[in-house]
Amino acid sequence: MRAHPRPPAAPPGIVIAFGALAVSAAALLPACGRAAGPAPSPSPVERPSILLVTLDTTRADAIGPEASGVDTPAFNALAARGRRFRQAYATAPETLPSHASMMTGLYPAGHGVHQNARPLAAAYPVLAEALRGAGYRTGAFVSSFVLARRFGLARGFDHYDDGLAAGRAERGAAETTERALGFIGGAAPQPVFLWVHYFDPHAPYLPPEPYRTRFAGRPYLGEVAAMDEQLGRLAAAFEQRAPGPVAIVIAADHGEGLGDHGETQHGNLLYQSTMRVPLLLVGPGVPSGAVDTPVSTRRVFHTVRDWAGLGAASSLRADAADVVLGEAMKPYLAYGWLPQVMAVEGRHKAIRAGTLEVYDVVADPGETRDLAASAGLSRELRNALLDYPVPSLQATTPTEALGVEERRQLASLGYVGAAAPPTVRRDAPRPVDMARLFDLQEKASGLFVREEYAAAVPLLQRILAGDPHNLDAALRLATAYSALGQDARAVAAFEKALAIAPQSDDVRTYLALHYARGADWPRAAPLLERIVAESPDRLPALEALAVIRQRQGRVEDAIALRQKIDALREPGAAELVALGGLAMQAGRTTLAIDSLEKARALQGAAFAHDLELGVLYLADRRFPEARDALDRVPETHRDYPMALFKRAQVSVLLQEPDKDARIARARQRADETTRPLIANERLFRP
Ligand SMILES: [Zn+2]
């Protein structure tokens, strides 16, 4: 593999220029033909209803008859009648890339999703589209924001339930199961394709009772045991109530480090703890027993298609050994460390990250003895490793298309995108050599996204001490100082970031954001104007320029920029309130009302701008709406006397019978601001 980036994964229809990619080319290219038309299939009676259950963060050794330290009776009962793959591998140790592989049949280099929060492009055909096209009723119930509809896996599902309680980024298996059971219960005669995703074993580990007590000190296994109980409920209900024969496939999206090779969670390395996963098939035409041939979970795609009568190629119902591939690109795409690719064939697993590591995963499942010097690897395996394309750093899409709240939701799950794509580094380290920084990075990024800058600073300093060319950490440190008002330190940190990446647009953008915050804000304008002229969709630059325009008193320009930002990215409540404020300043009542009402719809009871809304409706002579808005202003509001004054005005204008009492109340509770207003108010004169 080359240290320098190759072109990004090709969109459908464009063939990537591979070398001798005998083994895996098909897995890197999109399936030909779209989901469309009725494909050749057996008669409808024979087609089974299909249940796909994906278990998040579930290690292969934490579930099933060979699990250690935990009993999983529901999974074991299914395994006793099904085909269990003991050497199954995820395509990537992250939720969205791994699920995208199961839904497209492609490795991440093929479908282009290398990290969470980068949506699967609409051009790739997905499994549910094919099944719906073949007459299946399709439903999905996912338990984490990482798989929310916006990330591209909802296509083809008649029903896609990604609903989470306000402020939550995940939901438990019991709730997801409850909702999924409702979907199975329908009376429709056509076969069902149901995908249920459980998230429980993902950190933080907080199993429900009785598992919390039973697994005290081992909460990760407690989460798995609790999930297994729900899996049992779900599978039993599906077998009872889904129409026709029933097929079930269960797979994890990746495992969990739990300290192996220095990794606590997952996403940074390619060892067995995170890449080897449980995979089980139960259903028509599936022989029972355990299989030791290495397989990729991307073949869930082919297997489900096979059951649905859409073609048997690569189905796991038959044996077809191939070289199994996998990648872990997060450290590369976020920090510029070495890209990592793995290939497994037979008992040999090779990991390429700069140097080559080889393990006999049957004799040495802990991967403690590197056989690189002695093991004879096949040509297919070597070629597959060399030919696996590494994504381009330049083509990396930042997560800035997400709103503030969404970035926080991801951060609460431990996923924070890089502040900027890294530069190509001559000193790029092997990720495994940087394991001591994994937890620090996660913690620092989480604090940063939650705007706890003072707490983030010492962690970012430690990261930079251990990895001096880490642009992400340098930019976050500079931005943290800037937000804390420590100007000299911020400027020094920006200089360091510029030294790491002299050509970076991102560094210039963040520097401009720094100027925009402080007394030097006029210096930001030309920097931002240039960036926006060169890249008109650069969200952070647009946001900073909107702030500058406001400070310059160019309110209409600021409004236009805000509207452009909102068109590029679904606005959150804070952005809508900001736009509402600008519109009020510009005297644009309709736009102000519209923005604030949208914010209210998002925030519900937490909305704190009913007084402004009331004033706006009053100005627009929409008195009943003004009354309702002002009635919602709580007595604890800082400007409650103003709300009483405005409400009394509305009362007179609406000719309410209690208008005199309202005027009296406004007088009685008047403050410095409202006293003269009340005294001069003609409406209040008898
Ligand atoms: Zn996951």
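All residue numbers refer to position in the chain's written sequence, counted from 1. For this predicted model, a pLDDT threshold of at least 70 governs which residues receive local features, and a threshold of 80 or more governs which side-chain atom pairs are given and counted, while totals over whole chains, interfaces and linings are taken from all residues. Think of the side-chain values as coming from all heavy atoms in the structure, minus any hydrogens and water.

A. Representation of the overall build of the protein chain within the structure. In terms of regular secondary structure, the protein chain is built from 28 helices and 13 strands. Burial status follows relative accessibility: with a 1.4 Å probe on protein chains alone, a residue under 20% of its type maximum counts as buried, one over 50% as exposed, and anything between as partly exposed. For the protein chain, the residues scored as buried account for 56% of the 686 residues in total. By definition, residues are in contact when any of their heavy atoms lie within 4.5 Å. Contacts in the protein chain between residues far apart in sequence, at least 24 positions, make up 67% of those at least 6 positions apart. Reported accessibility uses the Shrake-Rupley method at a 1.4 Å probe radius. Residues are deemed covered only where the shown protein chains occlude them. Total accessible area computed for the protein chain in this model is approximately 27100 Å², and 54% of it derives from carbon and sulfur atoms. In DSSP terms, a helix is any run of H or I states spanning at least four residues, a strand is any run of E spanning at least two, and both are numbered starting from the N terminus.

B. View of the nonpolar core. Counting residues in hydrophobic clusters, the biggest one holds 91 residues, and the most contacted among them are Leu-131, Phe-193, Leu-194, Trp-195 and Leu-234. Looking at this core, the element that brings in the most residues is helix 8 (residues 219-241), giving 11 residues. For Leu-194, the contacting residues outside a window of four places in its chain are Ile-50, Leu-51, Leu-52, Gly-139, Phe-141, Phe-183, Ile-184, Leu-234 and Phe-238. Ala-350, Val-361, Leu-513 and Val-532 belong to the second-largest nonpolar core, a separate cluster that totals 85 residues. The definition of a nonpolar core used throughout is a set of buried Ala, Val, Leu, Ile, Met, Phe, Trp, Tyr and Cys residues joined through side-chain atoms within 4.5 Å.

C. Quick peek at the packing of aromatic side chains. What counts as a ring pair is set by centres within 6.5 Å for rings of Phe, Tyr and Trp (its six-membered ring), and what kind of pair is set by the plane angle: stacked under 30 degrees, edge-to-face over 60, tilted for all other angles. A complete count under the given rule lists 13 aromatic pairs for this structure. Between Tyr-107 and Tyr-388, the ring centres sit 6.5 Å apart and the planes meet at 70°, which makes this aromatic pair edge-to-face. On the criterion of sequence distance, the pair formed by Tyr-107 in the loop between helix 3 (95-104) and helix 4 (108-111) and Tyr-388 in the loop between helix 12 (379-387) and helix 13 (404-412) is long-range, its members being 281 residues apart. Both residues of the pair, Tyr-107 and Tyr-388, count as buried. Should the NZ of a Lys or the CZ of an Arg lie within 6 Å of a ring centre and within 35 degrees of the ring normal, that charge is described as sitting over the ring. Positioned over the ring face of Phe-183 is Arg-137, at 4.3 Å from the centre of the ring.

D. Representation of the coordination of the zinc ion. Each metal's donors are the N, O and S atoms within 2.8 Å of it, or within 3.2 Å when it is Na, K or Ca, and because water is not part of the set, sites may look incomplete. Protein coordination of the zinc ion is provided by Asp-56 (OD), Asp-56 (OD), Thr-95 (OG1), Asp-253 (OD) and His-254 (NE2), with donor distances spanning 2.0 to 2.8 Å. Written as a sequence motif, the donor residues of the zinc ion are D-x38-T-x157-D-H. Separated by 39 residues along the polypeptide, Asp-56 in the loop between strand 1 (49-55) and helix 2 (73-81) and Thr-95 in helix 3 bring together distant segments of the chain. As far as burial versus exposure is concerned, Asp-56 and Thr-95 are alike and both buried.

E. The arrangement of the sheet that holds strand 10 (residues 324-328) in detail. A pair of strands counts as paired when DSSP detects no fewer than two bridges linking them. Ordered in space as 10-11-12-13, the four strands form an open sheet in which the pairing is antiparallel. A single partner strand is all that each edge strand has here, and the edge strands are strand 10 and strand 13 (355-360). If you compare each strand with its neighbour and ignore which way they point, the axes differ by 15° on average. Pairing between strand 12 (residues 348-353) and strand 13: six bridges, direction antiparallel. Simply put, an axis is a line fit to the C-alpha atoms, just over the touching stretch for a helix, and the angle between two N-to-C directions goes from 0 to 180 degrees.

F. Region of interest: the environment of Pro-331. Within the element layout of this structure, Pro-331 appears in helix 11 (residues 330-335). In this structure Pro-331 comes out as buried when scored by relative accessible area, which is 0%. Counting along the chain gives 64 residues from Pro-331 to Gly-267, while the straight-line C-alpha distance between them is 8.2 Å. Once residues lying within four places of it in the same chain are set aside, the contact partners of Pro-331 are Gly-267, Asn-268, Gly-336, Trp-337, Gln-340 and Pro-431.

G. Expanded view of helix 16 (residues 471-483). If you check helix 16, its first and last C-alpha atoms are 18 Å apart, about what 13 residues at 1.5 Å a residue would give, namely 18 Å. Within helix 16, 12 of the 13 residues are buried, which leaves it mostly tucked inside the rest of the structure. Taken as a whole, helix 16 has its buried residues at Leu-471, Asp-472, Ala-473, Ala-474, Leu-475, Arg-476, Leu-477, Ala-478, Thr-479, Ala-480, Tyr-481 and Ser-482. Contacts made by the buried residues of helix 16 are with helix 11, helix 14 (435-449), helix 15 (453-466), helix 17 (487-500) and helix 18 (505-517). Side-chain atoms alone can form a polar contact between residues adjacent in sequence; in general such a contact is a pair of N or O atoms within 3.5 Å, and within protein one must be able to donate a hydrogen while the other accepts it. The N-terminus of helix 16 is capped by Asn-470, whose side-chain oxygen sits 3.2 Å from the backbone nitrogen of Asp-472. Remark: Gly-485 follows helix 16 within two positions and exhibits a positive phi of approximately 75°. How far a helix is expected to stretch is found by multiplying one less than its residue total by 1.5 Å.

H. Local environment of helix 24 (residues 610-619). By the criterion of burial, helix 24 is predominantly enclosed, with seven of the 10 residues buried. Among the residues making up helix 24, those that are buried are Asp-610, Leu-611, Leu-613, Gly-614, Leu-616, Tyr-617 and Leu-618. Among the structural elements, helix 22 (573-585), helix 23 (589-603), helix 25 (623-631) and helix 26 (640-653) are those in contact with the buried residues of helix 24. A positive phi of about 60° marks Arg-621, the residue just after helix 24.

I. Representation of the packing of helix 21 (residues 555-568) against helix 22 in the model. Where helix 21 contacts helix 22, the axes come no closer than 9 Å and their chain directions differ by 155°. On the basis of their axis angle, the class for helix 21 and helix 22 is roughly antiparallel. The two elements helix 21 and helix 22 cross, and the hand of that crossing is left-handed. Along the contact surface, helix 21 presents Val-555, Ala-558, Ile-559, Arg-562, Gln-563 and Asp-566, while helix 22 presents Glu-575, Ala-578, Leu-579, Leu-582, Ala-583 and Gln-585. Class assignment for the residues of the contact of helix 21 with helix 22 results in seven nonpolar, two polar and three charged. Oblique is the label for any angle not covered by the other classes, which are roughly parallel (under 35 degrees), roughly antiparallel (over 145) and roughly perpendicular (65 to 115). For any helix crossing, the convention is left-handed if the near helix is rotated counterclockwise from the far helix by under a right angle, and right-handed if that rotation is clockwise. Under the scheme applied here, ten amino acids are nonpolar (Ala, Val, Leu, Ile, Met, Phe, Trp, Tyr, Cys and Pro), four are charged (Asp, Glu, Lys and Arg), and all others, including Gly, are polar.

J. Broad picture of the packing of helix 6 (residues 173-184) against helix 8. The contact between helix 6 and helix 8 brings their axes to 9 Å, and the two run at 5°. In this view, helix 6 runs roughly parallel relative to helix 8, as classed from their interaxial angle. Taken together, the residues of helix 8 that come into contact with helix 6 (itself represented by Ala-173, Ala-174, Thr-177, Glu-178, Ala-180, Leu-181 and Ile-184) are Met-227, Gln-230, Arg-233, Leu-234, Ala-237, Phe-238 and Arg-241. Among the residues forming the contact of helix 6 with helix 8, the class breakdown is nine nonpolar, two polar and three charged.

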